[in-house]
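# Results of the structural survey
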Amino acid sequence: MATQKQEQGASVFSVVFLYLDREGITVAVEKTEVVVIGGGATGTGILRDLSMRGVKAILVEEHDLAHGTSSRFHGLLHSGARYAVKDYEAAKECIDENKIMRKIGKGTCVEETEGLFVQLPGDDPAYADQWIKACEKAGITVKEIPVEKALELEPNINPQIQRAFIVPDAAVDGFRLVWANVESAERYGGKAYTYNRLDEIITNEGKVTGVVVTDTVSSQSREIECDYVINACGAWAGKVAALAGVDIKVTADKGTLIAFNHRLTSRVVNRLRKPGDGDIIVPHGTVSIFGTTSVVVDSPDSLDSTTDEVKRLMHLGREMFSNLEEFRVLRSFAGVRPLYQDSSASSDEGDGRAVSRGFALLDHKDQGVEGFVSIVGGKFTTYRLMAEKATDLICKQMANTKPCRTAKEELIPAATATQIDELGKYTTNPAAYKTAERWGKNVDQVIEVIKTNPWKGDIVCECEQVTLAEVELRAKERARVTLNDIRRKTRLGMGTCQGTICTGRAITQLYEGGQLTHHEVKVMLDEFIEGRWKGNRNAMWGEQVRQVEFLRNRYMNLYNVNQGGDNYEI
């Protein structure tokens, strides 16, 4: 059975075959040309690039999109200045991609904050001049400003700074960018299957012929026939490669970060020294993210931060911001950097900060598996370039000569002033602007919902100015929905109250709208409290203790959620 549809001038095919498995059960087998494994920035970037070149492609992700490293970082769109002295290639790639991302993600994914590098007392003064020369070589614009001007721009910085420089750093929303890549890919026929676990890479006489995946909700397995598989799983790339009998050495380098309850700065602020722990703070939405640490771990699933790591970051942070104690730590979290090493690298080179931030594209034909490619290493900032190189390789093998266009076409065109004004008639002005940032020109969907039901313009999350209409629309986009899925798409619960107030409102709407069952509501509330506790427990001092107690009492008493597992009633 085959179906065909036309969408934006592109021919989109979905081919499904039916066969009897060994137990005599009819099973659907989908057929495509390329299967991309991994729903982070690189994987979704590859899906977008393939789809724009007319290649039939399906992305498979075990969890939700942006579940891994692409949502567990500081949100910095690097200018490359951080790597200029030590890693010229990485620095050059970053500044080139930084310029591209400012164009294709402006108004939706990227906030053009600028960056500020500051030299503190005790920092090597000779490093600054070395750094300036390295930035110039890499093509990174650096402008020194008087210390007085720096303190005027960012009054929370330590007043003892000795030198200050402006660079073209920016902030980027990892969640929004990943979803924007998928939405762009879908316009050209690409497909993304979340909550589908890769179980097997099928080969025949050394050539990839398909994959077997399992729906983690229904537990049903199925086969997807394909000619190529691209492994874009970041820190998990080694595990995926092993399914094809290929060995990849990827260092899992854990970095812990902490989120503060305000924007401490308007710009990204970096410490002007050799890269180390606790030397970057990024304004991100309504909060600030500070980090990071670097600890090599045994598994990419080692995502727990520790109290000692948080205390160390706070100690380092006080050197940059002498009034840091005045701000409340919302939570700590950790992500794992996928640092690639070739098989000849020694164990000494496995130290996180000693490994290059560059990336490698591996064609495993040399290891006896034709049609299997891995893209490893790199930075979030260079995801689009990584996707382009991986797609170039596959398209060359397919004799597809269409050029890459991902650097020229916006991910999601920004909303117009007219659209923002129209939305502002039905909700608050801050909500109109915030919603427009999240939806771009697609904000008309939100406007139509609120026009039909004006009460859906009410605010669910005051911190991030999320409306009821947004929650409803995002919940209807996929066959299954969780609070975390909606959080990643809307920033619901990611502001100062960390979901203490808005989560109950959102889950009530989803239940009353028939999108969640009674049992699912109970499970999600339990998951919510556990998730908040995981992030809160390493920063339990001062005002945060009172906030956590408020959250606990609200959900235990108001919603009758009891501690001790799932034996509770709502």
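Procedures and definitions
Residues numbered from 1 in each chain as written. Predicted model: local features only at pLDDT ≥ 70, side-chain atom pairs only at ≥ 80, totals over all residues. Heavy atoms only, no water. Helix = DSSP H or I, 4+ residues; strand = E, 2+ residues; numbered from the N terminus. Buried < 20%, exposed > 50% of the residue type's maximum accessible area, 1.4 Å probe, protein only. Contact = heavy atoms within 4.5 Å. Areas by Shrake-Rupley, 256 points an atom, 1.4 Å probe, with all protein chains shown as cover. Lys, Arg positive; Asp, Glu negative; His and termini not counted. Charge placed at Lys NZ, Arg CZ, Asp CG, Glu CD. Core = buried A, V, L, I, M, F, W, Y, C linked by side-chain atoms within 4.5 Å. Patch = residues over 30% accessible without salt bridge, like charges linked within 9 Å, V, L, I, M, F, W, Y side chains within 5 Å. Salt bridge = Lys/Arg side-chain N within 4 Å of Asp/Glu carboxyl O. Polar contact = N/O pair within 3.5 Å; in protein donor to acceptor, adjacent residues only side chain to side chain.

In terms of regular secondary structure, the protein chain is built from 16 helices and 26 strands. Once the C-alpha set of the protein chain is aligned to its principal axes, its extents read approximately 75 × 60 × 50 Å. Buried positions account for 57% of the 570 residues belonging to the protein chain. Summarising the internal contacts of the protein chain: among those between residues at least 6 apart in sequence, 70% fall at separations of at least 24. Carbon together with sulfur atoms contributes 50% to the accessible area of the protein chain, which is approximately 23900 Å² in total. Distance from the positive charge centre (71 side chains) to the negative charge centre (80 side chains) of the protein chain: 3 Å.

Another aspect to go through is the nonpolar core. With 43 residues, the main nonpolar core has V34, I46, L50, M101, L177 and L411 as its most contacted residues. Those residues within four positions of M101 in sequence are excluded, and the remaining contacts are L77, K106, V110, L177, Y383 and L411.

Backbone geometry follows two general trends: most residues other than glycine have a negative phi, and most peptide bonds adopt the trans configuration. Each neighbour pair has its own omega, and for G291 with T292 the value is -5°, a cis peptide bond. Following the sequence through the fold, T292 ends up in the loop between strand 20 (287–291) and strand 21 (295–297). Despite not being glycine, Y195 has its phi angle at roughly 55°, a positive value. Inspection of the secondary structure assignment puts Y195 in the loop between strand 12 (191–193) and strand 13 (196–204). Y195 gets classed as buried once you look at its relative accessible area, which sits at 13%.

Let us look at a nonpolar patch on the surface. Taken together, the side chains of W533, M540 and V545 define a hydrophobic patch exposed on the protein surface, amounting to about 250 Å² of accessible area. Secondary-structure assignment places V545 in helix 16 (residues 543–558). V545 sits in the partly exposed class, given a relative accessible area of 35%.

Moving on: the side chain of D485. With respect to the secondary-structure elements, D485 resides in helix 13 (residues 483–490). Side-chain polar atoms of D485 contact the side chain of Y195, separated by 2.6 Å.

A separate point is the side chain of N231. Checked against the element boundaries, N231 lands in strand 16 (residues 228–231). We classify N231 as buried; its relative accessible area is 0%. Those residues in contact with N231 that lie beyond four places of it in its chain are I37, A237, V240, A241, I248, F372, V373, S374 and I375.

Worth remembering: the numbers are spatial, not functional.
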